[in-house]
Amino acid sequence: MNLFEKEELIRQAAEDFEFQGPEVLLSWAVERFPNITLACSFGAEDVVLVDMLQKISPKTDIFYLDTNVHFQETYETRDRLQQHYGVEFVQVLPKLTLEEQAQQFGEELWKNAPNQCCNIRKVDPLTDILKNYDAWITGIRRDQAPTRANSKKVEYDVKFGLVKFNPLAGWTSEDVWNYIRSNNIIYNPLHDRNYPSIGCEHCTRPVAVGEDPRAGRWAGFEKTECGLHK
Ligand code: SF4
């Protein structure tokens, strides 16, 4: 399939699936793009997708970007999910250890240059892993942030050069939690402690009542995204 045909397929699929549920889109995605993977950060949206994928296509690869600085609760959520579903998530590590990063760029890079830290620990590893696939699935939702408001359910990811599926793009946070509760899904306990959005431990704080759900990410910086999503 040339790029023009692929773009047409994506445009048509985005239109066809706009008002379909996430499971319908996921089923089509894994059939049409068998070489597909799910990116999982173990946040609320991603555990929903893990659950759906286990029911639809349990052999589909699921990976996580291990920055080495996730919360202990996040690693424990990973372990509980793996045990529950009998799967092993693919661990994607940065090229530099934390010690090597500190030697080359200084201690606590996340405090001084979070974009550079995110590039080393998230964006570069993501770029490498996605080269192995034709499509990826993410848990982004349009109402999470203005930067995500125009996300389509199916789009061509120009940055990484593959098809991108966002099956929960049209869901609200309430939809996510309704699914989690009605299916009794394992989730990160930090969500019960005022962490609606969970990233690395050094760059995530709980939010106060009435604050934007992503206000706890990179607090004190202009930064609102890791660089994984355009
Ligand atoms: S979220 Fe923070 S610690 Fe994690 S990679 Fe980005 S800057 Fe580094």
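Here the structure is a predicted model, which means the values were calculated and not measured.

Thresholds, definitions, all that
- Every chain's residues receive numbers from 1 upward, in the order its sequence appears when written.
- Confidence filtering applies because this is a predicted model: local features only for residues at pLDDT of at least 70, side-chain atom pairs given and counted only at 80 or more, and all residues used for totals across whole chains, interfaces and linings.
- Just so you know, side-chain values use all the structure's heavy atoms and leave hydrogens and water out.
- Definitions used throughout: a 1 Å grid over protein atoms alone; a cavity as a set of points that fits a 1.4 Å probe which cannot get out; a pocket as an open set with protein on both sides within 12 Å along at least five of seven lines; a lining residue as one with an atom within 4 Å of a point.
- Grid points are joined across faces, edges and corners, and a volume is the space filled by probe spheres set on the points.
- Runs of H or I in DSSP of at least four residues are treated as helices and runs of E of at least two as strands, each being numbered from the N terminus.
- Polar here means any residue outside two lists: the nonpolar Ala, Val, Leu, Ile, Met, Phe, Trp, Tyr, Cys and Pro, and the charged Asp, Glu, Lys and Arg; Gly therefore counts as polar.
- Two rings from Phe, Tyr or Trp (for Trp, the six-membered ring) form a pair when their centres are within 6.5 Å of each other. A pair whose planes differ by under 30 degrees is stacked, one over 60 is edge-to-face, and the rest are tilted.
- Throughout this description, buried means an accessible area under 20% of the type-specific maximum (1.4 Å probe, protein chains only), exposed means over 50%, and partly exposed covers the range between.
- The criterion for a charge sitting over a ring is simple: Lys NZ or Arg CZ within 6 Å of the ring centre, and within 35 degrees of the ring normal.
- Definition of nearness: a residue and a molecule or strand are near each other if at least one heavy atom of the residue lies within 4 Å of the molecule or strand.
- If over half the atoms of a molecule are within 2 Å of the grid points of a cavity or pocket, the molecule is regarded as sitting in it.
- We call two strands paired when DSSP finds no fewer than two bridges between them.
- Every angle, taken between N-to-C directions, lies between 0 and 180 degrees, and every axis is a line fitted to C-alpha atoms, over only the stretch in contact when it is a helix.
- The criterion used for residue contact is that any of the two residues' heavy atoms lie within 4.5 Å.

(A) The arrangement of the layout of surface pockets in detail. Considered as a void within the structure, the largest pocket measures approximately 840 Å³ in volume. Forming the walls of the largest pocket are 41 residues, and the residues nearest its centre are Ser41, Ser197, Ile198, Arg214 and Arg217. Looking at the lining of the largest pocket, the elements with two or more residues in it are helix H3 (44-56), strand S2 (61-65) and helix H8 (173-182). Looking at the lining of the largest pocket, its residues break down into 16 nonpolar, 14 polar and 11 charged.

(B) Highlighting the packing of aromatic side chains. Applying the stated criterion across every chain, the model contains 10 aromatic pairs. Between phenylalanine 17 and tryptophan 28 the ring centres are 5.2 Å apart and the planes differ by 45 degrees, which places this aromatic pair in the tilted class. Remark: tryptophan 28 occurs in helix H2 (residues 22-32) and phenylalanine 17 occurs in helix H1 (residues 3-17); sequence separation between them is 11 residues. By relative accessible area, phenylalanine 17 is classed as buried at 10%. Judged by relative accessible area, which is 24%, tryptophan 28 ranks as partly exposed. An aromatic cluster is defined as three or more aromatic residues linked by ring pairs; in this entry it consists of Phe17, Trp28, Phe33 and Phe165. Note that arginine 32 overlies the ring of phenylalanine 33, its terminal NZ or CZ placed 5.5 Å from the centroid.

(C) Representation of the site of the ligand. Taken together, 10 residues surround the ligand, and among them Pro114, Cys117, Cys118, Cys200 and Cys203 come closest. Of all the cavities here, the one that holds the ligand is the largest cavity. Residue contributions to the shell around the ligand peak at 5 residues, all from helix H7 (residues 114-130). Here the residues of the shell around the ligand sort into 8 nonpolar, no polar and 2 charged.

(D) Layout of the sheet that holds strand S6 (residues 162-165). Spatially, S3-S2-S1-S4-S6-S5 is the arrangement adopted by the 6 strands of the open sheet, whose pairing is mixed. For this open sheet the edge positions go to strand S3 (90-92) and strand S5 (154-157), each flanked by a neighbour on one side alone. With strand direction ignored, the average angle separating the axes of adjacent strands in the sheet is 30 degrees. Pairing of strand S4 (residues 135-137) with S6 involves 3 bridges; the strand directions are parallel. By the bridge assignment for S6, isoleucine 137 is matched with phenylalanine 165. Strands strand S1 (36-39), S4, S5 and S6 of the sheet are contacted by H2, whose axis makes an angle of about 160 degrees with S6.

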